[in-house]
Structures are given as C-alpha cells and as structure tokens.
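# Geometric and topological summary
Each chain is listed here by its residues.
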Amino acid sequence: MKISIITVCYNSESTLEKTILSVANQTHKDVEYIIIDGNSKDGTVEIIKQYSNKIDHWISEPDKGLYDAMNKGIALATGEIIGILNSDDTFYSNNVLEQIAAFHTDNEIDASIGTIIQHKENGKIVRIYSSKNWREDKLKIGFMPPHPSIFFKKELFDKFGNYDLGFKIGADYELITRFFLKNTISWKYSDITTTAMLVGGLSSSGTSSYNLITKEIQKALMMNNIQFVPTKIKFRFIWKLIGFLKK
C-alpha cells in the first residue's frame, strides 16, 4: 500500500530536518513524501535541498496559507492513503506507517483515526490526545479527532473535495465534518500512536483563537447542514474538562 505524506512548511529551518528524517526512517518503504513550502525566507529551502533524495516532490512558492498548501500536496499525491505531518512534528516511531498500512488493509476503511503525543520543545509530554472515545456526533459539540492522527483514502478528496480556503483555522474541522458526518465515510480507531506534536499551532492558544475557531466550527456545521446547539460549542471547554476529570 502506497502512502503519501504531506508536510507544509514556512520558515521551518529549526524543526524541518527532524520531520524529514522521521519520514525517511519509516520501515514501510512504499512512501511518497511531498513537501510544500510557502516561499520561506530562512534556511528551510536549503534543508529541503539537502534531503532532496528523500523527498519525492517539493515546491517552494507563495500560497494562500496552510490549507492552500495542503491542497497543493493532495493534488500531487499518488498514494492510496494520505497523511499530514506538520513541519514541527515527527512520527512517534519508525514503524507508524507500516502499522497504518496493515490496519487499512485489514479493515478496508476510508479513514483511520489514532492517538498523538503533544510535547514541549524540551521533550516533556503535556498531553496524550487519544481518539479512542471519539464518535462522529462529537463534531456537533466542537470535538474532532487529532488531525495529524487521521489517514484518509486519497479517493475521498476526489469525491468530496479538499480543504476549504474560506476558513482561517478551521478548514480541517470543516473537512472532517464533511467527510465523517455529511458523507458518512467508513472509519475505525486504530489504537496507533501516530505523531509526536510540538505544542503551539494556529488554533491552539489564546482567547482570540478560541473565539475564531468557535465561529468556524459553527460555520462548518451550517455549511454541511448539520444541526447543533451553539451554546454547547461555545462552552465546549466545560465538556472537555469533564472528560479529563473522568479519566
């Protein structure tokens, strides 16, 4: 099974090498690696060139943001399965993609969801983010599985579309809502820890980000004709806290 991995980057010279090596060191050898750079101004492109023998396709050019770059990567991908690996993240182990390939083969599913580890720059783990208890209906109250843990069949993008550039930080939420709720794709929890994710992303901190993603979650649900209760999404941090206390 051929797996396409897409890394989007911009001024990522401090972290990109580790990301590239985590793909290159995978025991599953049928891997297509694609890097989409947003015309970086630091040493990112030099790092990409240094490891060009480990990269199948790469481009460096201006884009319209993170999701536009992801869409460019999807357009280049030829694998049966697509996964996203951010430019400051790494695969959790060297056999992650071997496990993913086996899981998809054994289960004949459209998508798998798993677990990620979130850590600080010093390596300290701050959260184990598991999809074990996630269900599609949780999208209606503002919860999605960790995006880096999801591996999709390539054909889903051909059937249902790519990331919507009308969203600033919630296009992944909208795509997951469109795939899982509107089009009811087949999926299964893999129990695979896929990714070690560095804390601090577009939608991970600050009141303004929380308010923006709240609006975009509601927008995503409305666009896909999914009924929801706005107050449950606005105060979703309460349900999250309750979930933590139950663990």
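Preceding this paragraph is the structure being described.
How each quantity is defined
- Residues numbered from 1 in each chain as written.
- Predicted model: local features only at pLDDT ≥ 70, side-chain atom pairs only at ≥ 80, totals over all residues.
- Heavy atoms only, no water.
- Buried < 20%, exposed > 50% of the residue type's maximum accessible area, 1.4 Å probe, protein only.
- Helix = DSSP H or I, 4+ residues; strand = E, 2+ residues; numbered from the N terminus.
- Phe/Tyr/Trp six-rings, centres within 6.5 Å; stacked < 30°, edge-to-face > 60°.
- Salt bridge = Lys/Arg side-chain N within 4 Å of Asp/Glu carboxyl O.
- Axes fitted to C-alpha atoms, helices over the stretch in contact; angles between N-to-C directions.
- Left-handed = near helix turned anticlockwise from the far one by under 90°.
- Contact = heavy atoms within 4.5 Å.
- Nonpolar A, V, L, I, M, F, W, Y, C, P; charged D, E, K, R; others polar.
- Pairing = 2+ DSSP bridges.
- Right-handed = clockwise from strand over helix to strand, strands pointing away.
- Core = buried A, V, L, I, M, F, W, Y, C linked by side-chain atoms within 4.5 Å.

### Some points on helix H6 (residues 171-182)
In terms of burial, H6 is largely enclosed, as eleven of its twelve residues are buried. One or two residues past the end of H6 sits threonine 184, with phi positive at roughly 45°.

### Brief notes about the packing of aromatic side chains
One pass over the full model with this rule turns up ten aromatic pairs. Measuring from ring centre to ring centre gives 5.5 Å for phenylalanine 157 and phenylalanine 179, while their planes differ by 70°; the resulting arrangement is edge-to-face. With a gap of 22 residues between them, phenylalanine 157 in helix H5 (residues 154-160) and phenylalanine 179 in helix H6 connect regions that are remote in the sequence. Judged on exposure class, the residue phenylalanine 157 and its partner phenylalanine 179 are both buried. By way of ring pairs, the aromatic residues Tyr67, Trp134, Phe152, Phe157, Phe160, Tyr163, Phe179, Phe180 and Trp187 are connected into one cluster.

### Here we look at the pattern of salt bridges
Counted according to the given criterion, the structure contains six salt bridges. Taking the shortest distance from any N to any O, the salt bridge between aspartate 158 and lysine 154 comes out at 3.4 Å. With aspartate 158 and lysine 154 both in helix H5 and four residues apart, this pair spans about one turn of that helix. Judged by its relative accessible area of 58%, aspartate 158 falls in the exposed class.

### Regarding the packing of H6 against helix H7 (residues 207-223)
For any two helices packed against each other, one specifies the inter-axial angle together with the distance between the axes. The contact between H6 and H7 brings their axes to 9 Å, and the two run at 35°. For the pair H6 and H7, the crossing hand works out as right-handed. Of the residues in H7, those touching H6 at Tyr173, Glu174, Thr177 and Leu181 are Ile217, Ala220, Leu221 and Met223. Class assignment of the residues belonging to the contact of H6 with H7 gives a composition of six nonpolar, one polar and one charged.

### Things to note about the environment of lysine 120
Along the chain, the position of lysine 120 falls in the loop between strand E6 (111-119) and strand E7 (125-130). On the basis of relative accessible area, lysine 120 is assigned to the partly exposed category, the value being 43%. Sequence separation of lysine 120 and valine 199 is 79 residues, and the distance between their C-alpha atoms is 5.7 Å. If near-sequence neighbours (up to four positions away) are discounted, lysine 120 is found in contact with Val126 and Leu198.

### Observations regarding the pairing of strand E1 (residues 3-9)
Of all seven residues in E1, seven are buried; the element is thus mostly enclosed. Along E1, one buried face is formed by Ile3, Ile5, Thr7 and Cys9 and the opposite face, lined by Ser4, Ile6 and Val8, is buried too. As paired elements, E1 and strand E2 (residues 31-37) share seven bridges and run parallel to each other. Considered in E2, the bridge of isoleucine 3 is made with valine 31. In this region the chain leaves E1, passes through helix H1 (residues 16-24) and returns to the parallel neighbour E2; the handedness of that crossover is right-handed. Relative to strand E4 (residues 81-84), E1 runs parallel, the two being bridged by four bridges. From the neighbouring strand, isoleucine 6 faces E4, where its bridge partner is isoleucine 84.

### With respect to the nonpolar core
With 39 residues, the main nonpolar core has Leu139, Phe152, Phe157, Tyr163, Phe179 and Phe180 as its most contacted residues. When residues in this core are grouped by element, the largest group, seven residues, is from H6. Contact partners of phenylalanine 157, with chain neighbours within four places excluded, come to Ile74, Ile82, Phe152, Asn162, Tyr163, Leu175 and Phe179. Core analysis: the next-biggest nonpolar cluster, separate from the first, contains 24 residues, Ile48, Leu85, Leu97 and Ala101 among them.

### What to know about unusual backbone geometry
In this model, asparagine 11 sits at a positive phi of 50°, which is unusual for a non-glycine residue. Position of asparagine 11 among the secondary structure elements: in the loop between E1 and H1. Overall, asparagine 11 belongs to the partly exposed group, its relative accessible area being 33%. In this model, glutamate 108 sits at a positive phi of 50°, which is unusual for a non-glycine residue. Here glutamate 108 is to be found in the loop between helix H4 (96-107) and E6. Taking the relative accessible area as the measure of exposure, glutamate 108 reaches 66% and is therefore exposed.

### What about the environment of isoleucine 36?
Of note, isoleucine 36 is situated in strand E2. Taking the relative accessible area as the measure of exposure, isoleucine 36 reaches 1% and is therefore buried. Taking C-alpha positions, isoleucine 36 is 9.5 Å from aspartate 63, a pair spaced 27 residues apart along the chain. In this structure isoleucine 36 touches Thr7, Val8, Cys9, Ile59, Ala69, Lys72, Gly73 and Leu76, once residues within four positions along its chain are discounted.

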